[in-house]
Every structure is written in C-alpha cells, then in structure tokens.
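Structural characterization, general
The primary structure of each chain is shown beneath.
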Amino acid sequence: MEVALDRLEQLGPLAGYNFVDKLTKDIWEITPGVNRVLLFLWDGNKYVLLSHFRKKTGKTPRSEIKKAELHRKDWLERHSKKEG
C-alpha cells in the first residue's frame, strides 16, 4: 500500500490506467492489487483518503462510492469549521 501512495504522491492522476481511476466528479480510486482506496483531491494538490476495501467484483460497488461521498462531505464540513 505504501508503494501505491508514493506513486500517487509522485504522479497524481497520471499514475496510470489500471492504477488511478476517476469514479465520480469528486471521488477517485487507487488500485494497489486487490485493495481499493477511495479518495478525493483537496486544495489543488493534496489527497484525502476516505475508505479502503478489497474489491471482489469487476465494478466498484455503488455502496462504496456512496460511503466515500458521505465521508468526503463530512470531512469538508469539519475542515471548513476549523478554518472559519
């Protein structure tokens, strides 16, 4: 997993097909092996890791994407309170 995060840090979304995939407008997925990490881009060049699961099917389950969207919303709400 550490190698995957290093690769993401170095190359961002250009890390390569079958490694980084944009699932929705805001949610990205990195795919180190059978693991999946859902994340979003924040503040131009930072990634916030939202959730991790082991992928058992061809497509990322919609339930995992919805969960990541909720985590993103929660994270942004909590972070904006600290700023203001």
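Up top is the structure these notes are about.
Each value, and the rule that gives it
- Residues numbered from 1 in each chain as written.
- Predicted model: local features only at pLDDT ≥ 70, side-chain atom pairs only at ≥ 80, totals over all residues.
- Heavy atoms only, no water.
- Pairing = 2+ DSSP bridges.
- Helix = DSSP H or I, 4+ residues; strand = E, 2+ residues; numbered from the N terminus.
- Axes fitted to C-alpha atoms, helices over the stretch in contact; angles between N-to-C directions.
- Salt bridge = Lys/Arg side-chain N within 4 Å of Asp/Glu carboxyl O.
- Buried < 20%, exposed > 50% of the residue type's maximum accessible area, 1.4 Å probe, protein only.
- Polar contact = N/O pair within 3.5 Å; in protein donor to acceptor, adjacent residues only side chain to side chain.
- Contact = heavy atoms within 4.5 Å.

Another aspect to go through is the sheet that holds strand 1 (residues 20-22). Strand order in the open sheet formed by four strands is 1-2-3-4, with antiparallel pairing between adjacent strands. Each edge of the open sheet is held by one strand with a lone partner, namely strand 1 and strand 4 (46-54). Each adjacent strand pair in this sheet contributes to an overall mean axis angle of 25°, direction not counted. The pairing of strand 2 (residues 28-30) with strand 3 (residues 35-42) spans three bridges and is antiparallel. Bridging from a neighbouring strand, Ile30 pairs with Val37 of strand 3.

The next point concerns the pattern of salt bridges. Scanning the model with the defined rule gives five salt bridges in all. Residues Lys67 and Glu64 are paired through a salt bridge, measuring 3.3 Å at the closest nitrogen-oxygen approach. Of this pair, Lys67 and Glu64 both sit in helix 2 (residues 62-83), separated by three residues, roughly a single helical turn. Residue class for Lys67 comes out partly exposed when judged on its relative accessible area of 35%.

A few words now on the side chain of Thr24. Its location among the elements puts Thr24 in the loop between strand 1 and strand 2. Here Ile27 takes part through its backbone nitrogen, which lies 3.0 Å from a polar atom of the side chain of Thr24. For Thr24, the contacting residues outside a window of four places in its chain are Arg62, Ile65 and Glu69.

This paragraph deals with the environment of Lys56. The topology assignment puts Lys56 in the loop between strand 4 and helix 2. When its relative accessible area of 78% is taken as the criterion, Lys56 is described as exposed. For the pair formed by Lys56 and Asn35, sequence separation is 21 residues and the distance between their alpha carbons is 9.4 Å.

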